[in-house]
Amino acid sequence: MRVPFTKSTLPNGLDVIVHEDHRVPIVAVNVWYHVGSKNEVPGLTGLAHLFEHLMFEGSEHQRRSYFEPLQEAGASINGSTSVDRTNYWEVVPKDAAPRALWMEADRMGWLLPALSDERFANQREVVLNERRQSYENRPYGLAQFALVDAIYPAEHPYHWPTIGYPADLRAATSDDARAFFSRHYHPGNASLCIGGDLDAKTALDLARRYFGEIPAGPEAALVRVPRLTARPRRFVLEDRVEMPRLYLGWPSPALFADDDAELDLVGDLLANGRTSRLYERLTHETRIATELAASQASRELGGYFQVVATAAPGRTLEELEAAIARELRSLAADGPTQAELERGRAQAEASFVYRLQTLGGFGGRTDQLNAYNTYRGLPDFFDADLQRYLDATPAALQECVRRWLDPAAAVAVSVVPLGRADLALPGSSPVDVR
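Keep in mind the model is a prediction, meaning the values are calculated, not measured. (Residues numbered from 1 in each chain as written. Predicted model: local features only at pLDDT ≥ 70, side-chain atom pairs only at ≥ 80, totals over all residues. Heavy atoms only, no water.)

Draft legend 1. Representation of the pairing of strand β4 (residues 76–81) in the model. With six bridges connecting them, β4 and strand β5 (residues 86–93) associate as antiparallel partners. Across the sheet, residue Gly 79 finds its bridge partner in β5, namely Tyr 88. (Pairing = 2+ DSSP bridges. Helix = DSSP H or I, 4+ residues; strand = E, 2+ residues; numbered from the N terminus.)

Here you go:
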């Protein structure tokens, strides 16, 4: 699982990771900024995701969109924002690597001179439309917002959605955006990975040439996290859906913390594939559910575990809740079988190997090197990361379920058709996340 690399840090604080791979004449450029929606404050949510859009719209020396000049050179290009980080990447023919690096440097160091009030307002409307299309007008699209809203208290930095609240976005000014950019989008809060058909010296020289004169920026402010405790509560969200769906959630360990990998494996054995426990009981045997999912949502400051089940025609969310609770209690009492654990380990290992096949893009080697560097300070954390899964035992998974997934402590969100709040779990309160 080792990926060869060199790591240097420029005087302005920018980490530069180089991964040589000369099999194909392409180069992957990958930039991570250690900023996400958790770095926002109540009343000004959505700025990190808004900047994902703004940073594709041009900078002081590259005034037009970032897509055309790179795509003209044969590049693939994209970016994303999460609660914890923002990333941008390009995969280009080898000869276009200087262009990609120059453009990344220009938006890191010289974006604000190109950030006009008109451009800010235009991209804000794009984001508001994205929210409508991707969440508000999509069946069950607001359910995750409701679940996270219930798990994390209002003062917690994971309480609000990454895309932000519409009222906050409309109230934000371009001056708010400039201040947010100046605090977070600079070399001292970034990691650059260059991978592919460039030798380490050439890649580092290019990084120094284009990024070296950008000021380091202020030291990142500490994000304060209130202590989380499981708060069993029930909510109902009416939506344009046909079948009721139940979301159950619990606070869980942070990314890379103790029990994080074990809960990943618990999610796998509960609902990954037709041989998983919930599929066998709720879909094959009793046929009370049509769709199932379970997962550990690992986040830097604290995760959450969720189980999702859609009721079959004629069945109720109460039946789903009771059946899921039985399986969780069974797992807490007896633990998983060795066969279940081996299957989860094998799937985890296969996932690691699959990611190593790709040089760039989301989840590729350059993206993984940057992720490990950002979160752990160790680009080559592949082996240690995988070992967390290989070292898991049935007893460890059993203890995790006992510690974290008490059915009586779950937050429950019932998503029901409009006008059918009676289909929700008893005692559910209305929730509004629009």
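Draft legend 2. Region of interest: the sheet that holds strand β7 (residues 234–239). Here we have six strands laid out as an open sheet, ordered β9-β10-β8-β11-β7-β12, and mixed in their pairing. In this open sheet, the two edge strands, each paired with only one partner strand, are β9 (289–297) and β12 (429–430). As paired elements, β9 and strand β10 (residues 303–311) share eight bridges and run antiparallel to each other. Residue pairing across strands places Ala 289 opposite Ala 311, the latter belonging to β10. Docked against the sheet, helix α5 (residues 143–151) engages β7, β8 (245–252), β10 and β11 (411–417), running at close to 35° with respect to β8. Packed on one face of the sheet, helix α9 (residues 260–271) meets β8, β9 and β10 and runs near 170° to β9. (Contact = heavy atoms within 4.5 Å. Axes fitted to C-alpha atoms, helices over the stretch in contact; angles between N-to-C directions.)

Draft legend 3. The arrangement of the environment of Leu 265 in detail. Position of Leu 265 among the secondary structure elements: in helix α9. Spatially, the C-alpha atoms of Leu 265 and Phe 67 are 39 Å apart, while their sequence positions differ by 198 residues. The residues contacting Leu 265, other than those within four sequence positions of it, are Leu 341, Gly 344, Arg 345, Tyr 389, Ala 392 and Leu 397.

Draft legend 4. Summary view of the sheet that holds strand β1 (residues 6–9). In space, the six strands of this open sheet follow the order β1-β2-β6-β3-β5-β4, with mixed pairing throughout. Across the chains shown, the open sheet's two edge strands, defined by having one partner strand only, are β1 and β4. The average angle at which neighbouring strand axes cross in this sheet is 15°, direction not considered. Sheet contacts for helix α3 (residues 97–109): β3 (26–33), β5 and β6 (190–196); angle to β5, the most-contacted strand, approximately 160°.

Draft legend 5. Structural detail: α5. Across the nine residues that make up α5, a large majority, seven, are buried. The inward-facing, buried residues of α5 contact α4 (117–136), β7, β8, β10 and β11. (Buried < 20%, exposed > 50% of the residue type's maximum accessible area, 1.4 Å probe, protein only.)

Draft legend 6. Spatial organisation of the environment of Ala 48. Structurally, Ala 48 is set in helix α1 (residues 47–54). The buried category is assigned to Ala 48, whose relative accessible area is 0%. In this structure, the C-alpha to C-alpha distance between Ala 48 and Leu 265, residues 217 residues apart in sequence, is 31 Å. Those residues in contact with Ala 48 that lie beyond four places of it in its chain are Gly 36, Ser 37, Glu 40, Thr 81, Phe 180 and Tyr 185.

Draft legend 7. The arrangement of the packing of aromatic side chains in detail. Going through the model one piece at a time under the given rule, you end up with 20 aromatic pairs. Where Trp 32 meets Tyr 375, the ring centres are 5.8 Å apart and the plane angle is 85°; that geometry is what we call edge-to-face. Of this pair, Trp 32 sits in strand β3 while Tyr 375 sits in helix α13 (residues 365–376), placing them 343 residues apart in sequence. Seen in terms of ring centroids, Phe 56 and Tyr 88 are 5.5 Å apart; in terms of plane orientation they differ by 70°. Their pairing is edge-to-face. On the criterion of sequence distance, the pair formed by Phe 56 in the loop between α1 and α2 (67–72) and Tyr 88 in strand β5 is long-range, its members being 32 residues apart. The exposure class assigned to Phe 56 is buried, which follows from its relative accessible area of 5%. (Phe/Tyr/Trp six-rings, centres within 6.5 Å; stacked < 30°, edge-to-face > 60°.)

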